[in-house]
Amino acid sequence: MIFKKPLFLLLIVILIAVFLRAYKLGSVPPSLNWDEVSLGYNAYSILHTGKDEYGKLLPLVLQSYDDYKPALYTYLAIPTVALLGLTEIAVRLPSVAFGVIAIALVYFLIIELLGGKNVKILDKEIKSQYIGVLAALLLAISPWHIQFSRIAFESNVGLTINIAVFYLFLKGLKKSVFLPISFFVGALNIHMYQSDRVFTPLFLIALSVIFYKQLLKVKKWFMFSVFLAFLVVLPFIVYTFTNSNALLRAKGVSVFSDQQLVERSSSKLLQDSETHNTVGKIFDNRRIEFGKAVVSGYISHFDLNWLFITGDIERHHAPFMGLLYLFEFPFLFIGIYILLFLKFDWRYKLSFFSYFLLVPVPASITSGVPHAVRALNFEWTFELFIALGVIASLLFILSVKNKIFSLSLKLFSIIYLLLTILNISYYVNQYFFQQNYYSSADWLYGYKQMISYVNSQRPNYDKIIVENQVPFDQSYMFFLFYLKVDPLYYQSLGGTKTGGFKEEHKGFYNLTFRHIRDVKDTGRILVVGKPGDISENLKNRKVFYYLNGDAAIAVAEK
Amino acid sequence: MSGWFLKTEEMKKYLLLIIVILAFLLRFLFLGSNPPSLTWDETAWGYNAYAIGIDGKDEFGKFLPLTYIESFGDFKPPVYMYLSVLPIKIFGLNEFSVRFASAFFGVLSVLVTYYLVLEIFGKKQDNLALISAFILAISPWHIMLSRAAFEANVASFFVLLGMYLFLKSVNGKSYLFIFSVISFVLSMYTFNSPRIVVPVLVVILCFVYFKILVKNLKTIIIAGIFGILLFLPLLFFLQTPQAKLRFNEVNIFSDISVIKRTNQEIKNDNNALFSKIIHNRRLTYSVEYVRHYLDNLNPKFLFITGDGNPKFSIQDVGQLYIWEIPFFIAGIIFLFRKREGRFWIVPTLLLISIIPAGFARETPHALRIESSLPMFQIFTAIGIYYLFLMIPKKKKAISVGMLSLIIIVNFIYFAQNYFIHYSREFSGEWQYGYKEAVIYADSVKNDYRNIYVTESLGRPYIYFLFYSHFLPQAFRNEAKIEREVFGFVHIDSFSNYKFTNDIAHVREVGALYISSPNEKPENGKILKEFKLINGKIALVAYTL
């Protein structure tokens with residue numbers, strides 16, 4: 001029967017995945033956020049001039065908002081921008097594609113990981129293909145994965161690359177030619193996403209340690225792989241050493257720059273020196289506070305509320321939902337237990353768990369934890385656990401001999417299945433039909449509508465002054481994007497000027513970007529900013545609204 | 001199998017003794033001065049016990065209250081008061097004797113933990129039992145709750161004892177069953193949480209041990225009837241509006257934002273039927289419940305900062321030690337892998353203990369889930385025990401040494417923060433300043449016709465009763481008492497003390513005023529300042 005063919009099932013899974021990622025793409029989430037417009041416009045700029053907004057030729061790192069983004073996503077967006085123009089869909093499409101690829105890859109990775117044969121769960125032989133398909137299905141419908149494969153987040157491509165690295169490495173143990181490919185792809189992640197700059201190298205080192213015996217046998221291939229990876233990473237190393245600002249972002253989000261953390265310990269230290277408390281002088285130490293903060297950041301990713309019920313900031317999850325389905329809760333724990341004691345090559349098992357345990361490492365040294373984007377690499381490991389949990393539970397129910405017990409378990413399963421359907425429909429409703437209402441402010445809704453209006457009014461005014469303070473920070477980029485400003489023209493004005501977030505932006509056309517309070521310019525002036533900052537008495541006042549009806553942006557004549 | 005730890009039986013006995021002594025020292029040393037002062041509730045326990053010790057009536061004159069003492073209108077379960085009568089008779093009405101019962105039962109909990117672990121995992125697991133008892137003895141969670149008059153700490157002891165006696169009776173000594181029932185019922189007369197935890201636990205135990213219980217039908221029926229009779233008065237009380245008042249105030253189901261939200265969601269779906277199903281408010285409330293429940297398992301709460309309320313945690317150490325993380329996780333895995341004895345009791349009791357806390361808005365809450373102790377510690381102990389069994393013989397000594405070092409370092413970190421910095425940093429949380437103020441006011445009491453006292457720091461009257469050893473009979477005669485609609489009890493005055501919310505508007509010349517510094521009018525002449533340990537002024541005494 002064709003329904004028993006795993007590859008056929010995988011095809012169906014992929015169709016589901018494509019549907020869930022393509023449906024309403026560009027309109028849910030309702031608008032592009034800062035990073036998405038930046039990635040998009042820079043792709044547009046490089047496509048037409050070979051240079052980014054700063055006028056830098058083929059950059060490896062985008063200075064962007066002085067957060068120095070790895071540039072690879074922008075290059076991936078060049079073909080889609082070339083094909084579809086500068087639109088929401090064009091910017092988000094590479095992420096969708098890699099999201100779907102991840103699902104196919106997970107299937108093959110899991111089969112490879114479990115040794116390609118049958119595995120024994122509760123004394124029953126199960127084809128590893130079925131485990132792969134189930135995990136792929138769970139990934140295809142996963143709220144966490146859908147969230148990030150429908151928006152232009154580098155992290156999502158990074159996840160797909162990490163899955164590929166793992167798969168190719170395991171393949172490479174059998175057929176050495178895959179080894180250099182694995183390292184090459186892994187090295188690309190350095191140019192993809194900040195967290196993966198830490199994660200992927202650590203994971204490759206862990207793999208190399210775990211399989212050192214096998215790698216010693218193919219020494220030449222291994223040396224070549226490392227050399228190849230080094231070549232790919234080299235430009236980044238050179239960049240970091242020659243550019244003092246390259247690590248600005250990393251410093252900005254690191255816990256070690258969090259001064260609040262040490263306030264209490266330093267006041268205690270003061271008390272210690274007053275009272276000559278030697279023990280206290282050792283223990284009331286900011287290094288201990290930092291150490292605790294790192295551990296705290298790490299374990300925060302195992303907060304069950306974060307995973308199942310609340311998520312973190314609004315842009316990272318569907319409204320009033322966590323990152324995973326609540327119905328998966330028990331299966332996660334059963335699955336972890338099953339996988340821990342499942343019989344397959346211990347090195348493979350160790351490599352899986354080292355992947356799992358390394359995921360929160362990059363996020364743990366940052367503030368703002370737990371962080372669904374920085375820890376996105378978790379995604380497929382959870383789905384594998386849950387898939388095993390589901391299979392083990394089903395096998396258990398089928399194996400029960402006692403009739404009454406068996407019957408009540410089956411009844412319970414039917415109720416559980418209904419709740420599962422309820423849970424999934426709830427998610428679909430929250431994501432596709434409630435999200436725009438509840439989260440449009442978080443997605444900076446209103447820019448597109450406002451910009452098209454302002455553009456139509458542009459000829460009537462001498463100067464248009466646009467707010468550039470929170471929440472209108474980086475407003476210039478939205479204008480560049482939605483007005484499709486010719487990159488050659490923009491660069492001829494000098495492009496974006498470096499120098500911190502708050503500096504006045506020179507602007508283009510008759511647009512200026514700065515704080516709109518105390519505007520002293522003369523002539524016909526149009527101001528754009530927070531509705532609260534723009535008096536209702538001004539002429540031609542027009543307000544743009546979020547999708548829940550709250551005022552978002554106001555435009556008026558000064 | 002267990003030989004790696006200690007060789008002889010005698011050494012183990014000494015070790016248990018040492019652990020209990022350690023627990024005793026950590027709970028009784030400086031008990032009267034750290035935490036630095038008494039909270040309202042502690043003071044109320046003390047004064048009510050004092051009053052009962054004099055004429056058998058509580059502060060308001062209720063004779064031997066059985067189901068509740070009214071106190072501030074929070075209807076405290078009465079057991080802690082009765083337990084404090086004797087210590088107060090012996091040691092006098094002071095901080096130490098108020099906290100004595102909690103500390104004393106805290107030490108006993110450590111001892112019972114040892115025997116409970118033996119009942120759960122079998123007599124051979126005495127090493128595991130010793131490790132469990134040791135971890136509870138040094139647990140920041142348990143130490144902090146044992147060092148203040150928290151009735152929850154005593155209730156947890158009764159739950160633990162009841163559990164132990166139940167297992168003992170299932171293991172053959174069925175006459176103990178009745179004592180198990182008594183202990184369980186007592187816990188319900190001691191604290192609120194066991195009123196949910198114990199019934200759930202008992203139902204599960206009866207279900208699991210149905211066959212054994214049926215064999216001893218006579219004992220069971222007698223004990224059961226006895227238990228129900230003991231429980232009846234409480235059951236009647238729980239049906240009264242007073243008892244429900246406090247619950248309604250703190251529970252999550254009175255949060256109307258959920259209803260607003262689901263209504264909006266249904267509106268967003270154009271009132272479709274399916275939307276009414278998936279956005280049913282009962283479902284949403286259930287998820288809210290789960291969220292509050294899981295809050296109590298938040299890793300940061302457990303291992304890094306502990307409860308946000310400084311009375312339950314010093315904020316520098318979690319409810320558990322940070323070093324426990326790997327062992328706790330290993331313990332969970334080993335428990336389910338080995339499935340020794342009655343292993344299931346450990347996770348079951350832990351999970352049941354959190355049920356009541358999930359209904360409350362304030363989560364996580366170290367106090368309301370305290371009956372989950374020592375299950376956390378047992379998990380850690382299992383992790384340590386089995387991980388060390390796996391270590392090759394030659395490396396055992398060095399591993400034990402390493403772990404001991406880590407435990408000691410982490411313990412010193414906790415202890416130096418708790419015994420040296422804690423009282424200075426958080427004395428305000430413990431209503432520091434009242435004692436000095438009362439002693440001062442009491443000494444000059446006869447010089448003034450009226451003494452006005454602010455209520456801005458909360459419930460001052462009880463401190464005046466407590467620290468001036470005011471005679472309960474006199475208090476009952478003189479006090480002007482108001483009872484508000486929501487059950488709160490308000491003392492307007494007794495003797496020449498007047499308590500007011502609005503001290504700034506009292507303009508009586510020649511009276512003594514005690515208020516917080518920002519309430520003092522500018523022309524007030526300060527007679528004395530009462531400072532927190534960190535130097536901040538808590539209260540001032542002044543005249544106009």
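A brief look at the structure comes next.

Each value, and the rule that gives it
Residues numbered from 1 in each chain as written. Chains lettered and ligands numbered in written order. Predicted model: local features only at pLDDT ≥ 70, side-chain atom pairs only at ≥ 80, totals over all residues. Heavy atoms only, no water. Helix = DSSP H or I, 4+ residues; strand = E, 2+ residues; numbered from the N terminus. Rg over C-alpha atoms; globule rule 2.2 N^0.38 Å. Buried < 20%, exposed > 50% of the residue type's maximum accessible area, 1.4 Å probe, protein only. Contact = heavy atoms within 4.5 Å. Areas by Shrake-Rupley, 256 points an atom, 1.4 Å probe, with all protein chains shown as cover. Lys, Arg positive; Asp, Glu negative; His and termini not counted. Charge placed at Lys NZ, Arg CZ, Asp CG, Glu CD. Pairing = 2+ DSSP bridges. Axes fitted to C-alpha atoms, helices over the stretch in contact; angles between N-to-C directions. 1 Å grid on protein atoms, 1.4 Å probe; cavity = no way out; pocket = protein on both sides within 12 Å on 5 of 7 lines; lining within 4 Å. Points joined across faces, edges and corners; volume = space filled by probe spheres on them. Nonpolar A, V, L, I, M, F, W, Y, C, P; charged D, E, K, R; others polar. Buried area = accessible area lost by both parts, 1.4 Å probe. Salt bridge = Lys/Arg side-chain N within 4 Å of Asp/Glu carboxyl O. Polar contact = N/O pair within 3.5 Å; in protein donor to acceptor, adjacent residues only side chain to side chain. Core = buried A, V, L, I, M, F, W, Y, C linked by side-chain atoms within 4.5 Å. Patch = residues over 30% accessible without salt bridge, like charges linked within 9 Å, V, L, I, M, F, W, Y side chains within 5 Å. Left-handed = near helix turned anticlockwise from the far one by under 90°. Phe/Tyr/Trp six-rings, centres within 6.5 Å; stacked < 30°, edge-to-face > 60°.

So, about the overall build of chain A. A tally of regular secondary structure across chain A gives 24 helices and 10 strands. On C-alpha atoms alone, chain A measures out to a radius of gyration of 26 Å, which is about the 24 Å that the 2.2 N^0.38 rule sets for 558 residues. C-alpha extents for chain A along the principal axes are approximately 85 × 60 × 55 Å. Relative to its full complement of 558 residues, chain A shows a buried share of 56%. Put simply, of all contacts in chain A between residues at least 6 apart along the chain, 75% involve residues at least 24 apart. By element, 66% of the accessible surface of chain A is carried by carbon and sulfur atoms, the whole surface being about 24000 Å². Chain A carries 53 positive and 38 negative side-chain charges, and their two centres are separated by 10 Å.

A separate point is the overall build of chain B. In terms of regular secondary structure, chain B is built from 23 helices and seven strands. The dimensions of chain B, computed from C-alpha atoms along their principal axes, are 80 × 65 × 50 Å. Within the span of chain B, comprising 544 residues, buried residues form 58% of the whole. Put simply, 73% of the contacts in chain B that link residues at least 6 apart link residues at least 24 apart.

Another point: the sheet that holds strand β1 (residues 451-454) of chain B. Residues and elements named next belong to chain B. With respect to topology, seven strands assemble into an open sheet ordered β2-β3-β4-β1-β5-β7-β6, the strand pairing being mixed. Only two strands of the sheet have a single neighbouring strand rather than two, namely β2 (480-483) and β6 (525-531). For this sheet, the mean inter-axis angle between neighbouring strands, taken without regard to orientation, is 20°. Of the pairings in the sheet, the one linking β1 to strand β5 (residues 512-515) comprises three bridges and is parallel in character.

As a further point, take empty space enclosed by the protein. Residue and element names in this part refer to chain B. Tallied over the entire structure, the rule returns three cavities of 30 Å³ or more. Around the largest cavity, the lining residues are Ser109, Leu136, His142, Asn153, Ser156, Phe157, Leu160, Glu370, Leu373 and Pro374. The dominant element in the lining of the largest cavity, judged by the number of residues it contributes, is helix α7 (residues 151-170), at four residues. One number sums up the size of the second largest cavity: a volume of about 40 Å³. Lining the second largest cavity are Ala152, Ala155, Ser156, Val159, Phe191, Ser193, Pro194, Leu367, Arg368, Glu370 and Ser371. Looking at the lining of the second largest cavity residue by residue, the classes come out as six nonpolar, three polar and two charged.

Taken together, the contact pairs 36 residues of chain A with 39 residues of chain B. In this assembly, chain A packs against chain B so that about 3400 Å² is buried in total across both faces, 61% of it on carbon and sulfur atoms. Of all residues in chain A, the largest losses of buried area upon contact with chain B belong to Arg264(A), Phe283(A) and Tyr337(A), amounting jointly to 17% of the total for that side. Joining chain A to chain B, the criterion identifies three salt bridges. Here Asp316(B) makes a salt bridge to Arg264(A), at a shortest N to O gap of 3.2 Å. Our enumeration of links across chain A and chain B arrives at 26 residue pairs in polar contact (both at pLDDT 80 or more). In terms of residue count, the dominant contributor to the side of chain A that touches chain B is helix α21 (residues 403-439) of chain A (nine residues).

Turning our attention to the nonpolar core. Within the largest apolar cluster, 326 residues are counted, with the highest numbers of intra-cluster contacts made by Trp144(A), Trp380(A) and Phe494(B). Leaving out residues up to four positions away in the same chain, Phe494(B) has contacts with Tyr461(B), Phe464(B), Leu465(B), Phe470(B), Phe475(B), Glu478(B), Ala479(B) and Phe499(B). Formed by nine residues, the second largest nonpolar core is a distinct cluster that contains Val519(A), Val527(A), Ile534(A) and Ala556(A).

A surface patch of like charges, here positive, comprises Lys120(A), Lys343(A), Arg337(B), Lys338(B) and Arg339(B). Note on placement: Lys343(A) falls in the loop between α17 (329-341) and α18 (346-358). Note on Lys343(A): relative accessible area 77%, which makes it exposed.

All names here are of chain B. Orientation of helix α18 (residues 345-354) relative to helix α19 (residues 375-390), taken along the N-to-C sense of each, is 145°, at an axis distance of 9 Å. Here α18 runs over α19; the crossing is left-handed. Within the contact between the two elements, α18 uses Val346, Pro347, Leu349 and Leu350 and α19 uses Met375, Phe376, Ile378 and Phe379. When its residues are assigned to classes, the contact of α18 with α19 shows eight nonpolar, no polar and no charged.

A few words now on the pairing of strand β8 (residues 525-529) of chain A. Residues and elements named next belong to chain A. With five of its five residues buried, β8 lies for the most part within the structure. Of the two faces of β8, the one lined by Ile525, Val527 and Gly529 and the one lined by Leu526 and Val528 are each fully buried. Across four bridges, strand β5 (residues 463-466) lies against β8 in parallel orientation. When the bridges of β8 are listed, Ile464 appears paired with Leu526. Taken together, the four bridges between β8 and strand β10 (residues 551-557) define a ladder with antiparallel strand orientation. Looking across to β10, one finds that Val528 is bridged to Val555.

Let's shift gears to the side chain of Asn417(B). With respect to the secondary-structure elements, Asn417(B) resides in helix α20 (residues 393-426). You can call Asn417(B) buried: its relative accessible area is 2%. Dropping the residues within four chain positions of it, Asn417(B) is found in contact with Lys268(A), Asp284(A), Ile314(B), Asp316(B) and Tyr422(B).

It is worth spelling out the pattern of salt bridges at this point. All names here are of chain A. Scanning all chains against the criterion turns up 26 salt bridges over all chains. For the salt bridge of Lys174 with Glu112, the shortest nitrogen-to-oxygen distance reads 2.7 Å. In this pair, Lys174 is assigned in helix α7 (residues 154-174) and Glu112 in helix α4 (residues 88-113), connecting sequence segments 62 residues apart. Its relative accessible area of 58% is what places Lys174 among the exposed residues. Relative accessible area serves as the criterion here: at 9%, Glu112 is assigned to the buried category.

It is worth spelling out the environment of Tyr75(A) at this point. Residue and element names in this part refer to chain A. Structurally, the position occupied by Tyr75 is in helix α3 (residues 72-84). With a relative accessible area of 27%, Tyr75 lands in the partly exposed category. Sequence separation between Tyr75 and Leu204 is 129 residues, and the spatial gap between their C-alpha atoms is 25 Å. Excluding its chain neighbours within four sequence positions, the residues that come into contact with Tyr75 are Ile46, Leu58 and Pro59. Here Pro59 takes part through its backbone oxygen, which lies 2.7 Å from a polar atom of the side chain of Tyr75.

Let us look at a nonpolar patch on the surface. Residues and elements named next belong to chain A. A cluster of nonpolar side chains, namely Val177, Trp221, Phe224, Phe227, Phe230, Leu231, Leu234, Ile237, Val238 and Phe241, defines an oily patch on the protein surface of about 940 Å² accessible area. Residue position: Phe227 is located in helix α11 (residues 219-242). Overall, Phe227 belongs to the partly exposed group, its relative accessible area being 49%.

Time to look at the packing of aromatic side chains. Counted according to the given criterion, the structure contains 111 aromatic pairs over all chains. An angle of 75° between the planes, with centres 5.8 Å apart, marks the rings of Phe302(A) and Phe378(A) as edge-to-face. On the criterion of sequence distance, the pair formed by Phe302(A) in the loop between α15 (286-299) and α16 (304-310) and Phe378(A) in the loop between α19 (360-364) and α20 (379-399) is long-range, its members being 76 residues apart. For Phe302(A), a relative accessible area of 27% puts it in the partly exposed group. Overall, Phe378(A) belongs to the buried group, its relative accessible area being 0%. Aromatic pair Phe253(B) and Tyr285(B): ring centres 5.7 Å apart, planes at 70°, arrangement edge-to-face.

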